[in-house]
Amino acid sequence: MNIVERFLSYTKFDTQSADGMECTPSTAKQMVFAEYLRDELVSIGLEDVSLDEMGYLYATLPSNTEKPVPVIGFIAHMDTSPDCSGAGIKPRIVENYDGSDIVLSGGIVTTTEKFPELLDHVGEDLIVTDGHTLLGADDKAGIAEIVQAMVYLKEHPEIKHGKIRIAFNPDEEIGLGAHHFDVEKFGCAWAYTMDGSEVGEIEFENFNAASARVEIAGCSVHPGYAKGKMLNAGRIAAEFVGMLPSSQTPEQTEGYEGFFHLTGIEGSVERATLSYIIRDHDRAKFEQRKKRIAVVADRLNAHYGADIVKIEIADQYYNMREKVEPVMHIIDIAREAIAAAGVEPQVRAIRGGTDGAQLSFKGLPCPNIFAGGLNFHGTHEFLPVQSLEKACLTVVNICSLTAERC
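Residues numbered from 1 in each chain as written. Predicted model: local features only at pLDDT ≥ 70, side-chain atom pairs only at ≥ 80, totals over all residues. Heavy atoms only, no water.

Caption draft 1: Structural context of the overall build of the protein chain. Within the protein chain, the regular secondary structure consists of 10 helices and 17 strands. Computed over C-alpha atoms, the radius of gyration of the protein chain comes to 23 Å, within 12% of the 22 Å expected from 2.2 N^0.38 for 406 residues, which places it in the range of a compact globule. Counting only C-alpha atoms and orienting by the principal axes, one finds that the protein chain spans roughly 85 × 50 × 35 Å. A fraction of 79% describes how many contacts in the protein chain between residues 6 or more apart in sequence connect residues 24 or more apart. Surface accessibility of the protein chain: about 17,400 Å² in total, with carbon and sulfur atoms responsible for 50%. Each charge class in the protein chain can be summarised by its mean position, and for the 36 positive and 61 negative side chains these summaries are 6 Å apart. (Helix = DSSP H or I, 4+ residues; strand = E, 2+ residues; numbered from the N terminus. Rg over C-alpha atoms; globule rule 2.2 N^0.38 Å. Contact = heavy atoms within 4.5 Å. Areas by Shrake-Rupley, 256 points an atom, 1.4 Å probe, with all protein chains shown as cover. Lys, Arg positive; Asp, Glu negative; His and termini not counted. Charge placed at Lys NZ, Arg CZ, Asp CG, Glu CD.)

This is how it looks when you write it as structure tokens:
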């Protein structure tokens, strides 16, 4: 099985995670895929293959050198985003892409005007959707790259490497992928998540992240007799939204700029709920953003009455840079491995999160490397085959270079 066939076989599994669940994995269908992967890892000859009751899958490629080499790992997540359906994916390959708009189906078109990154991949073969689901390259491309790299290393024993650990986990898309990850069991000096986007990317900076839930209690009174009595929770919710800067939203920011992102709103006169995520690369600015949410709530309570607005803020993860900087040789190895795969390394900050951030704070330095897909979490997602192949080669190169350099 080649890497494209492997990836396409993975897209047959609907592994969408679900926020707000009290179980791990958050959806049973993720475990179905985990069991398939477990059997696949056994069939290709990996050792210590284990799948726990929460859907965390671990395996080992033993060392083939007498030289003492640090144990390193590669990690990818099995779930796809709740933002777009992952059921019944119908991928197809656009061979030798010519730079024109791509017609998916039913009049749905991925245009170069809206998605200019297509033009960076003219002449390549692009795996696309039919326009009704996401593709699942985030992060089934990462899984395919890791598995294929292990197959390649087994078939080429002349490539010397130390002990390699791999792990596939659930629920990354809802921020819980690393929560039950057993770092001690994994037993690595460092690891890499294969969960980045554009070919060549290396990422060891990410957002500091928090979630915020805003509960607004109104008072419903017949509108004909409401003067001085009604408190319209829905309208107060709209007022809350308006008191945060509209220039500091995802659609208005880029680079290192942080934001407040309204991810959900429900409301009536009697009760309303707002859901936010808060993001900033700078830790001090991140703390200020959380305080600003609290200040808005305090102002509305001062105006409408105590405890009308209640907030709950929970930190999710932090910027991994402070944990990776003391071990920058792991970035140097990744740079060299990517260059050896024929790609120019691009060190970038993630405008998002990765399991590697949480794992880094659990004692496992874990930068992120490109998986090759673009336009994740939507129907216009696509994956260049050549990027998929180069990411796989990067994994092989990291294993070889670690044995050579360390």
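Caption draft 2: Representation of the packing of aromatic side chains. Scanning the entire structure with this criterion turns up 13 aromatic pairs. Summarising the aromatic geometry, the rings of Phe-13 and Tyr-36 are spaced 4.8 Å apart at their centres and angled 45° between planes, so their arrangement reads as tilted. With Phe-13 in the loop between helix 1 (3-10) and helix 2 (28-43) and Tyr-36 in helix 2, this pair connects stretches of sequence that are 23 residues apart. Among the residues examined, Phe-13 registers a relative accessible area of 17% and is labelled buried. Taking 6.2 Å as the distance between ring centres and 45° as the angle between the ring planes, the aromatic pair formed by Phe-240 and Tyr-276 counts as tilted. Taken together, the positions of Phe-240 in helix 5 (residues 233-242) and Tyr-276 in strand 13 (residues 271-280) put the pair 36 residues apart, joining distant regions of the chain. One exposure class covers both Phe-240 and Tyr-276, and it is buried. One aromatic cluster is present, formed by Tyr-10, Phe-13, Phe-33 and Tyr-36 through successive ring pairs. For Lys-140, the ring lying beneath its charged end belongs to Phe-33, and the centroid distance is 5.3 Å. The ring centre of Phe-260 lies 5.0 Å from the NZ or CZ of Arg-289, which sits over that ring. (Phe/Tyr/Trp six-rings, centres within 6.5 Å; stacked < 30°, edge-to-face > 60°. Buried < 20%, exposed > 50% of the residue type's maximum accessible area, 1.4 Å probe, protein only. Lys NZ or Arg CZ within 6 Å of the ring centre and 35° of its normal.)

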